Amino acid sequence: MPGVLTATPVPTVSGTPQVDATLTAEPGTWAPDGVQLSYQWFTGTTAADEVPVSGATASTYVPVEGDIGKRLAVEVTGSKLGYASTASTSVLGELVTPAPSIDAGTPTITGTAQVGRTLTADAGIWAPEGVELALQWLRDGTPVEGATSTTYALVGADVGRPVALRVTGTKPGFPTKVATSSETQAVAEGTQASTPTPTITGATGLGDVLTAVPGDWDTGVTVSYQWVRDGNALSGETAAQHTVTATDIGSSIRVTVTGTRAGYASQSVSSAPLPVTGAQTAGKIARALATFHAALGRVGTDPLDIFVGPSDSITEGNRASSIQKRWISVFRDGLRRSYQPSGVAGGFGYLDLMNSPKFPDNPSSYVNGAGVFDQGLGRQTLALFGATQTITVNDRFTDVDILYAGLTGTAGTFAYSVDGGPDVRVSTGGKAVSRGGYVERVSGLVAGPHRLVLHGGGGGYPSIIEGVMLYNGDRDRGIRLWEGGASGLTAVNYVAPTDAWAASLKEVHPDIVVLPIGSNDYALGTPAKDTEVRIREIIATIRARVDTDPSIVLVPYYERPTSGTAPWSTYEQMYARIASTDPKIVVFDLALLFGSYGSAQRVGLMSPDLLHPSDTGYALIADKLAAFVAPSPPG
């Protein structure tokens, strides 16, 4: 016969009898040891009508809405092998009540839905007292990471999307409650607070760099640039800097700065227009003279050639007391004092032979030579026919280049001798190309005084001698001067079809061209615009004939009497205009040195004819030009 359990206590129930609350069966202590317990929950209003709850066989039970108004009890059954199973039921508990609830408030949002603005949350009124509220801002229904405070600063990612507020209420013993506000309208782009007007710094000379200064924009703004010329955006010019070009001269330049920031409407602001005058600045001068300055730096190993011309009588040195008092001679000697390599005396340079009667100390002279106003650097040449027509050069030199014109279909010859030596005959006719600038070279003479004599070869054909280039140890290094001036000439005298002089440029490798032309044009009343066309043609001719990229210095001399009506300032403006539109050209204007015509400033600077400088005036030109072209000291 099965045994009887010795202890079968009446179970009790702990917990609050309400929906969603947990009730726990407390079975008590059963005996003997090892009794296995099972559970069944019952519901009813009295012990007589209680029924088991389907599936409620755990030690705990959570009342549901169907249990409201009923009572709950638990039956505990004890089982042990060899013993009869015994059930014990708790008394019915209190009536089951509904679950407690949280009354949610109505969340609202105040503020403008625009980037840069801040929205403020109002969670509404929640009950009962003690409900804890958690806020979460939503962007287009999706939680915004970290946005859990009572305010929310709208950012770029919000643009075009609505924002809402979700409030979660919690309280121990109460189910969690969630309420969400209405969405705002789609968030608009922000408006940048600081949109300063940009400015432009920098000089407006050709090649100068203009820099845009954008001003202080809002934090986080990225600025971009667009340079504009006369209202037209410059393609590709979108950096903070713009280099002045020849096309810019005479126009107005402005820069448009556009500020962009995520979530904000872009803002564009333009600077005031800046007139680009092409004014000559220190930077422009340095860039234009770069070729010359580089040559100065290597003058110890390579020769530096200076070509002055084509030009007029002031370049020739008319009214100077000595050929060495001409400004070009003083200029040459001044540069040599500063830059000539040690041990190189340097020769006279180029002599146009027709110039010889002007100065008693001219190294050259001629007898019976027929002047030819055509070829040669200064368009001053001599035609030699017979032996009685001679050219003599007495100077200190180690080398001589005799420049002459060659002609096709003729048989002209000339002969030359050095220091009384035998004649050397040179044929000038039958050349493949009819032009000037052919060279007969004499080299290797011992340093010291020498005598060169040239005479015609006869036969009825002339030999056109253009000039001689005298070297004194400076064939391969040092500073050399080539002069091309002729009295009375104007710019038109050097342009096609009278540009045969340029053929001789092939022997010149100029690092700098000093171009003092236009004084006679002004005196004759030639309009500045016409002279400008011719000067530009002269420059183009020089560049086409030389194998260098020379620095070019335009030298407008000074005001003088004129048959025209336009003031001298129109010529000065013309020179400035040419330089302003060409990166390799600068202007050395003598007007400040000599003042206006007839002024006291010219006293002592002019010769008695009041047209050509005195020795003092020539020296002033040379000294100031040398200082102008000299490289600026470091720093």
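Everything that follows concerns the structure shown earlier in this document.
Residues numbered from 1 in each chain as written. Predicted model: local features only at pLDDT ≥ 70, side-chain atom pairs only at ≥ 80, totals over all residues. Heavy atoms only, no water.

1. Side note on the overall build of the chain
Scanning the chain from N- to C-terminus turns up nine helices and 38 strands. The C-alpha atoms of the chain give 53 Å as radius of gyration, which overshoots the globular expectation for 635 residues (26 Å, by more than 25%). C-alpha extents for the chain along the principal axes are approximately 170 × 60 × 45 Å. Relative to its 635 residues, the chain shows a buried fraction of 48%. Within the chain, contacts between residues at least 6 apart in sequence are counted, and of these 71% link residues at least 24 apart. (Helix = DSSP H or I, 4+ residues; strand = E, 2+ residues; numbered from the N terminus. Rg over C-alpha atoms; globule rule 2.2 N^0.38 Å. Buried < 20%, exposed > 50% of the residue type's maximum accessible area, 1.4 Å probe, protein only. Contact = heavy atoms within 4.5 Å.)

2. Some details on the packing of aromatic side chains
According to the stated counting rule, one finds 14 aromatic pairs in the structure shown. Between W327 and F331 the ring centres are 6.1 Å apart and the planes differ by 55 degrees, which places this aromatic pair in the tilted class. Of this pair, W327 and F331 both sit in helix 4 (residues 327–339), separated by four residues, roughly a single helical turn. On the basis of relative accessible area, F331 is assigned to the buried category, the value being 1%. (Phe/Tyr/Trp six-rings, centres within 6.5 Å; stacked < 30°, edge-to-face > 60°.)

3. Topic: the layout of surface pockets
A volume near 160 Å³ is recorded for the largest pocket. In this structure, the largest pocket is lined by V13, G15, P17, L23, L72, S90, V91, L92, G93 and E94. Considering only residue class, the lining of the largest pocket consists of six nonpolar, three polar and one charged. (1 Å grid on protein atoms, 1.4 Å probe; cavity = no way out; pocket = protein on both sides within 12 Å on 5 of 7 lines; lining within 4 Å. Points joined across faces, edges and corners; volume = space filled by probe spheres on them. Nonpolar A, V, L, I, M, F, W, Y, C, P; charged D, E, K, R; others polar.)

4. Describing the packing of helix 4 against helix 9 (residues 615–629)
Two elements in contact, helix 4 and helix 9, have axes separated by 8 Å at closest approach and are oriented at 40 degrees. By the angle between their axes, helix 4 is oblique relative to helix 9. Handedness of the crossing formed by helix 4 with helix 9: right-handed. Here helix 4 contributes W327, V330, F331 and L335 to the contact with helix 9, which in turn contributes Y618, A619, I621, A622, D623, L625, A626 and V629. The class makeup of the residues in the contact of helix 4 with helix 9 is 11 nonpolar, no polar and one charged. (Axes fitted to C-alpha atoms, helices over the stretch in contact; angles between N-to-C directions. Parallel < 35°, antiparallel > 145°, perpendicular 65-115°, else oblique. Left-handed = near helix turned anticlockwise from the far one by under 90°.)

5. Overview of empty space enclosed by the protein
If you walk through the whole model with that rule in mind, you get one cavity of 30 Å³ or more. In this structure, the largest cavity occupies an estimated 40 Å³ of space. In terms of lining residues, the largest cavity is bounded by D312, S313, I314, S519, N520, R560, L611 and H612. Elements represented by at least two residues in the lining of the largest cavity include exactly helix 3 (313–316) and helix 5 (519–523). Its residues assigned to classes, the lining of the largest cavity shows two nonpolar, four polar and two charged.

6. Topic: the sheet that holds strand 2 (residues 23–26)
In space, the three strands of this open sheet follow the order 1-2-5, with antiparallel pairing throughout. Two strands bound the open sheet, and with one partner strand each, they are strand 1 (12–14) and strand 5 (60–61). Relative to strand 5, strand 2 runs antiparallel, the two being bridged by two bridges. Across the sheet, residue T24 finds its bridge partner in strand 5, namely T60. (Pairing = 2+ DSSP bridges.)

7. Focus on the pairing of strand 35 (residues 478–485)
Look at any regular strand and the pattern is simple: side chains alternate between the two faces of the sheet. With eight of eight residues buried, strand 35 is to be regarded as a mostly interior element. Because side chains alternate across strand 35, one face comprises the buried residues G478, R480, W482 and G484, and the other comprises I479, L481, E483 and G485, equally buried. In terms of strand pairing, strand 23 (residues 303–311) meets strand 35 through seven bridges, oriented parallel. Paired with V308 across the strands is E483, a residue of strand 35.

8. Considerations on the pattern of salt bridges
Tallying each qualifying case throughout the model produces 19 salt bridges. K506 is the salt-bridge partner of E507, the closest N and O atoms lying 2.8 Å from each other. The structure contains a network of salt bridges with shared partners spanning D399, D401, R441, R475, K506 and E507. (Salt bridge = Lys/Arg side-chain N within 4 Å of Asp/Glu carboxyl O.)

9. Considerations on the pairing of strand 31 (residues 424–427)
Sheet topology note: the strand 30 (residues 413–418)/strand 31 ladder contains four bridges and is antiparallel. Its bridge partner lying in strand 31, F414 is registered against V426. Joining the antiparallel neighbours strand 30 and strand 31 is a turn of five residues, in which D419 adopts a positive phi near 55 degrees.

10. Remarks on the nonpolar core
Membership of the largest hydrophobic core comes to 63 residues, with the highest contact counts inside it found for I306, W327 and V553. When neighbours within four sequence positions are excluded, I306 is seen to be in contact with F331, L335, I479, R480, L481, W482, I512 and V514. Counting residues in each nonpolar core, the second largest holds 36 residues, with W501, I517, V546 and I552 among its members. (Core = buried A, V, L, I, M, F, W, Y, C linked by side-chain atoms within 4.5 Å.)

11. Regarding the side chain of E440
Within the fold, E440 resides in strand 32 (residues 435–442). Here E440 occupies a buried position and makes no salt bridge, while the nearest side chain of opposite charge, K431, is found at 7.6 Å. At a separation of 2.8 Å, a polar atom in the side chain of E440 contacts the side chain of Y416. Those residues in contact with E440 that lie beyond four places of it in its chain are V400, D401, I402, Y404, Y416, V424 and V426. (Lys, Arg positive; Asp, Glu negative; His and termini not counted. Polar contact = N/O pair within 3.5 Å; in protein donor to acceptor, adjacent residues only side chain to side chain.)

The values are spatial; any link to function lies outside them.
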